[in-house]
Amino acid sequence: MPHTGPVRRFAFRFDPAFRLPLALLGVRPETARVELGPDELTVRFGPWRLRTARDNVTGAELGGPYRWWRAVGPHLSLADGGVTFGTGVAAGVCLRLATPVPALAPGPWLRHPAVTVTVTDPEALRDALTGPP
């Protein structure tokens, strides 16, 4: 039976220098967020989506500052195959997944074992994921 409870929303932190380029990709404050429910984690980043069961998240690590060319926009990590949805360079949180999930491309062939998001309060997202649902 699914858990019931509120969905927590975490907004992305938009660095002013990157607002226009991101808007051209369809990524704006109203189209970018992380939603954490009792059973599911959803990341919306303009036209991109990542959805997984909450219990698929096995770790949450704070990171940053980042280099803008590696962290702003949607990115695939060549090092580990993770995906980054970034709107700024100051800080973020990397969420490790037990089972890789799709996010950058539709279909089963590109799956990611981690997602990094540059939300306004990375510590709160980390704490929400490491606490009880």
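Residues numbered from 1 in each chain as written. Predicted model: local features only at pLDDT ≥ 70, side-chain atom pairs only at ≥ 80, totals over all residues. Heavy atoms only, no water.

Participant: Explain the pairing of strand E9 (residues 112–117) residue by residue, including any values.
Facilitator: Within E9, five of the six residues are buried, which leaves the element mostly enclosed by the surrounding structure. Sheet topology note: the strand E7 (residues 83–86)/E9 ladder contains three bridges and is parallel. Within the sheet, the bridge partner assigned to Thr-84 lies in E9 and is Thr-116. Across five bridges, strand E8 (residues 92–101) lies against E9 in antiparallel orientation. Its bridge partner lying in E9, Val-101 is registered against His-112. (Buried < 20%, exposed > 50% of the residue type's maximum accessible area, 1.4 Å probe, protein only. Helix = DSSP H or I, 4+ residues; strand = E, 2+ residues; numbered from the N terminus. Pairing = 2+ DSSP bridges.)

Participant: Explain unusual backbone geometry residue by residue, including any values.
Facilitator: Of note, the amide linkage connecting Gly-64 to Pro-65 takes the cis form, showing an omega dihedral of 0 degrees. Inspection of the secondary structure assignment puts Pro-65 in the loop between strand E5 (57–63) and helix H2 (68–71).

Participant: Can you lay out the packing of aromatic side chains for me, pointing to particular residues and giving the numbers?
Facilitator: According to the stated counting rule, one finds five aromatic pairs in the structure shown. Ring geometry for Phe-12 against Phe-45: centres 5.4 Å apart, planes inclined by 55 degrees, an arrangement best described as tilted. Here Phe-12, found in the loop between strand E1 (8–11) and helix H1 (19–24), pairs with Phe-45, found in strand E3 (residues 40–45); they are 33 residues apart in sequence, far enough to count as distant. Accessibility assignment for this pair places Phe-12 and Phe-45 in one class, buried. Seen in terms of ring centroids, Phe-45 and Trp-48 are 6.4 Å apart; in terms of plane orientation they differ by 45 degrees. Their pairing is tilted. The class for Trp-48 is buried, based on a relative accessible area of 18%. (Phe/Tyr/Trp six-rings, centres within 6.5 Å; stacked < 30°, edge-to-face > 60°.)

Participant: How would you sum up the layout of surface pockets? Please name residues and give values.
Facilitator: One way to see where empty space is left: roll a probe the size of a water molecule over the atoms. A volume near 430 Å³ is recorded for the largest pocket. Lining the largest pocket are 24 residues, and of these Tyr-66, Arg-70, Ser-77, Thr-84 and Thr-116 sit closest to its centre. Sorting the residues of the lining of the largest pocket by element identifies E5, H2, strand E6 (73–76), E7, E8 and E9 as the ones contributing at least two each. The element contributing the most residues to the lining of the largest pocket is E8, with four residues. Looking at the lining of the largest pocket, its residues break down into twelve nonpolar, seven polar and five charged. (1 Å grid on protein atoms, 1.4 Å probe; cavity = no way out; pocket = protein on both sides within 12 Å on 5 of 7 lines; lining within 4 Å. Points joined across faces, edges and corners; volume = space filled by probe spheres on them. Nonpolar A, V, L, I, M, F, W, Y, C, P; charged D, E, K, R; others polar.)

Participant: Talk me through the pairing of E8; I want residue IDs and the actual numbers.
Facilitator: In terms of strand pairing, E5 meets E8 through six bridges, oriented antiparallel. Its bridge partner lying in E8, Leu-62 is registered against Val-93.

Participant: Hey, could you go over the environment of Ala-98 for me, with residue numbers and the actual values?
Facilitator: Tracing the backbone through its elements, the reader meets Ala-98 in strand E8. Along the backbone, Ala-98 and Ala-79 are 19 residues apart, and their C-alpha atoms lie at a distance of 17 Å. Setting aside its immediate chain neighbours within four residues, Ala-98 contacts Asn-56 and Thr-58. (Contact = heavy atoms within 4.5 Å.)

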